[in-house]
Amino acid sequence: MPTVDIDPDELRELTGYADTGDDELKDDLFNLGLEYEGESAEGGFELEFAPDRLDRLSVEGIARSLRYQYGDDRGVYVPSTNDAEWTIEVDGTPEERPYVTGAVVRGLDFDESSLDSLIQLQEKLHATMGRQRAKGAIGVHDLTMLKGGSAKDSAGKSIRYTGVDPESEEFVPLEGDAAMTPAEVLAEHHIGVEYADLVEGWETVPAIYDSIGLFSFPPVINGKRTEVTTDSRDLFIEMTGTDQWTIDHMLSIVCYALDARGGTIEAVEVSYADDAPGEYSGRSFVRPDFGTKTKTVAHDRIETVLGVELDERDVADLAERSGLGVSRADPDADEAEAYEVEIPPYRVDVLHPIDVIDDLGRAYGFNTLEPRYPDVSTVGGRSDRSKLERAARNVLVGLGFEDLLNFYMISEAENYERLNVSQPEPGSGGRANGANREQGSDVVGGGEAVTIQEPYSEDYTMLRSWALPSIMLVLENNTHRSYPQDLAEIGLAAEVDESENTNVAEHRTVAAAVARHDATYEDAKARLQAIAANFDKELTTPPAEHPTFIDGRTAAVELDGETVGVIGEVHPEVLVEHDLEVPVAAFEFRLDALE
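Everything in this summary refers to the structure shown in the same document. Once a new chain begins, its residue numbering starts again from 1 and follows that chain's sequence as written. Where totals are concerned, whole chains, interfaces and linings use all residues; where local detail is concerned, this predicted model gives features only for residues with pLDDT of at least 70, and gives and counts side-chain atom pairs only at 80 or more. To obtain the side-chain values, all non-hydrogen atoms of the structure were used and water was disregarded.

1. A closer look at the sheet that holds strand β16 (residues 325–328)
Move 1: Here, strands pair whenever DSSP counts at least two bridges between them. Numbering of helices and strands starts at the N terminus; helices are DSSP runs of H or I of at least 4 residues and strands are runs of E of at least 2. One open sheet holds the 3 strands; their spatial order is β15-β17-β16, and the pairing between them is antiparallel. Every interior strand has two partners, whereas the edge strands, β15 (293–298) and β16, have only one. Averaged over neighbouring strand pairs, the angle between their axes works out to 25° when direction is ignored.
Move 2: Both β15 and strand β17 (residues 338–343) contribute to a ladder of 6 bridges, which runs antiparallel. The residue of β17 that forms the bridge with T294 is E342. Each axis is a line fitted through C-alpha atoms, taken for helices only over the stretch in contact, and angles between the N-to-C directions span 0 to 180 degrees.

Spelled out as structure tokens, the structure:
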């Protein structure tokens, strides 16, 4: 899950509760859904948050949520916006990145802490909504260092978003001392090298000019001339991307954070030329867009989901303490049967009425809900699969394994590439052929990825096709801890299967790894034999090949004559990829093979 580092003293200052103790503050944050993960390197709080609440990527956003929770702020807040003085004129942009948005924020008073918070918000938005800058990238500039040209259709100032030959123009990039062309930045500057793939193969690269010259090379790096420091008071914020909705909402989140710091928001006009690529050619509009949206939520559904009786005043109170606006859907009705709930522009996570009800439940306090038996005539019990899973887990723990509970979502690189498994082409139905078969796609874990169409984070783009990558990540993140580390997990795995009604085949999988200085194939097999014996299964392990494991130290797992998994010593390439300095032996097989 994403994390954010905050200074608790700064949080107290922004909420107005200077005397709140650390323990009480952690409890309040937990009630918001923010878990305390530990102390940050700077001595602050490291908080884990749900990746849908991107407005909480900064201390300012968290403070806003706490003020609502405390009841100090109520309802929808929309910052006032001054009229536009600046225009972004758009023409000749690369077709691969046609969209731009922007705002001006004046009257800020930065110190090191508040500037660090802005930089953290920028980078966290890049990693989440911006998909590591591929979908949206943020540039923040010192406004006083910009010299605007004359706007075409107004008396104000303008800058220009366009495309440029990467070999033609020069500018001094951040952390640089000499002028470089965009091509030189991509080849020689460490930030340029990191993000070079974003513009690889493009005939022209994105560029933003003022009347002095090139000052921003999105989505890679800004120019040094407009660098923001603690002395900066007025900012120009520009965002470019592949989707206008995404960058507009990223802008709203940043503007709300700066508004909380005392900044005054000033609109910017975005003017697309008639021949500009993308769907907005020939159009002009003013940003930031602080327009709200509404969701209709039925009163009886609120009560049904939360399990409590509420009157109209209760619902209004809970909504306002969630930062939402609320009114009757039918003002003339004797009783409120449904509500029109107003959603602020920074809440990109509210897609359905259930999202509103979740907010109301948090404001009510999930911990205050009284548990009660459902009004049905049956008593629940474990399913057969659950009983089997519990029995298998008990055997694993009895063999000395630590039981893990990992996320079922993972990135494609973690699932395939980092374990030497070739990823099947989309549409292959999970089956590899030709060169892919030789590379090892048609193996345990090599099924076609069940991907998320619009993931919030590049770390969670697919449902894992096997559980061993998750265990390897745990080992990678715990190299500072003592060995041996014997880890196991029983969980979900999935792959594309066109024979299924949903086109997705899901199954429960058992995975385990033995990590120690003398771990061998025999160590893993001994534990596997114990598992098979506990379930009265006949185990055979004929030699096999798998790209994750060492040739000659790998076998198929067969239970009662059926091939259900793989066992072996993890290949040194995979160990090095995960920064592991001890050998690892592992196995994985389908849970239903133990039935």
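2. Details of the sheet that holds strand β26 (residues 562–570)
Move 1: Taken together, the 7 strands give an open sheet; going across it, the order is β18-β22-β23-β27-β26-β25-β24, and neighbouring strands pair in mixed fashion. The outermost strands of the open sheet, each flanked by one partner alone, are β18 (402–403) and β24 (539–540).
Move 2: Of the pairings in the sheet, the one linking strand β25 (residues 549–559) to β26 comprises 7 bridges and is antiparallel in character. By the bridge assignment for β26, F549 is matched with V570.
Move 3: Residue contacts are defined here by distance: any two heavy atoms, one from each residue, within 4.5 Å place the two residues in contact. Docked against the sheet, helix α14 (residues 468–476) engages β22 (485–496), β23 (504–515), β25, β26 and β27 (584–590), running at close to 140° with respect to β22.

3. Observations regarding the packing of aromatic side chains
Move 1: A pair of Phe, Tyr and Trp rings is counted when the ring centres sit within 6.5 Å of each other, with Trp represented by its six-membered ring. The angle between the planes then sorts it: under 30 degrees is stacked, over 60 is edge-to-face, the rest tilted. This structure, assessed with the given rule, holds 14 aromatic pairs.
Move 2: Taking the centre distance of 6.5 Å and the plane angle of 75° together, the rings of Y99 and Y272 count as edge-to-face. With Y99 in strand β5 (residues 99–106) and Y272 in strand β13 (residues 264–272), this residue pair connects regions lying 173 residues apart in the sequence. Of the two residues, Y99 and Y272, neither departs from the other in class, the shared state being buried.
Move 3: Here the aromatic residues Y77, Y256, F290 and Y346 are joined through ring pairs into a cluster of three or more.
Move 4: Geometrically, a lysine NZ or arginine CZ counts as sitting over a ring once it is within 6 Å of the ring centre and also within 35 degrees of the ring normal. Above the face of the Y36 ring, K26 is positioned so that its terminal group lies 4.0 Å from the ring centre.
Move 5: Between the NZ or CZ atom of R64 and the centre of the ring of Y346, over which it lies, the distance is 4.4 Å. Exposure classes here rest on a 1.4 Å probe applied to the protein chains alone. A residue is buried below 20% of its type maximum, exposed above 50%, and partly exposed in between.

4. Focus on the pattern of salt bridges
Side chains that carry opposite charge are capable of pairing whenever their charged atoms lie near each other.
Move 1: For this analysis, a salt bridge means a side-chain nitrogen from Lys or Arg found within 4 Å of a carboxyl oxygen belonging to Asp or Glu. All chains considered together, the criterion is met by 39 salt bridges.
Move 2: Note that R362 is salt-bridged to D358, the shortest N-O span being 3.6 Å. Of the two residues, R362 and D358 both sit in helix α10 (residues 353–364), 4 residues apart, roughly one turn of that helix.
Move 3: On the accessibility criterion, D358 (33% relative accessible area) is partly exposed.

5. With respect to unusual backbone geometry
Move 1: With an omega of 0°, the peptide bond between P218 and P219 qualifies as cis.
Move 2: Structurally, P219 is set in the loop between β10 (214–217) and β11 (221–222).
Move 3: For the bond from R287 to P288, the omega torsion is 5°, close enough to zero to count as cis.
Move 4: Among the structural elements, P288 can be located in the loop between β14 (284–287) and β15.
Move 5: One non-glycine residue, D536, adopts positive backbone phi at about 55°.

6. Brief notes about helix α9 (residues 312–320)
Move 1: All of the buried residues in α9 are V315, L318 and A319. The arc that holds the buried residues of α9, viewed along the axis, is 100°, so those residues lie on one side.
Move 2: Buried residues belonging to α9 abut α8 (299–306), β16, β17 and α10.
Move 3: In protein, a polar contact requires one atom able to donate a hydrogen and another able to accept it; more generally it is a pair of N or O atoms within 3.5 Å, and residues adjacent in sequence count only if both atoms are side-chain atoms. Between the side-chain oxygen of the N-cap and the backbone nitrogen of R313 there are 3.1 Å, and the N-cap of α9 in question is D311. Arc, as used here, means the arc of the directions from the helix axis to the C-beta atoms.

These results come straight from atomic positions and should not be treated as a statement about function.
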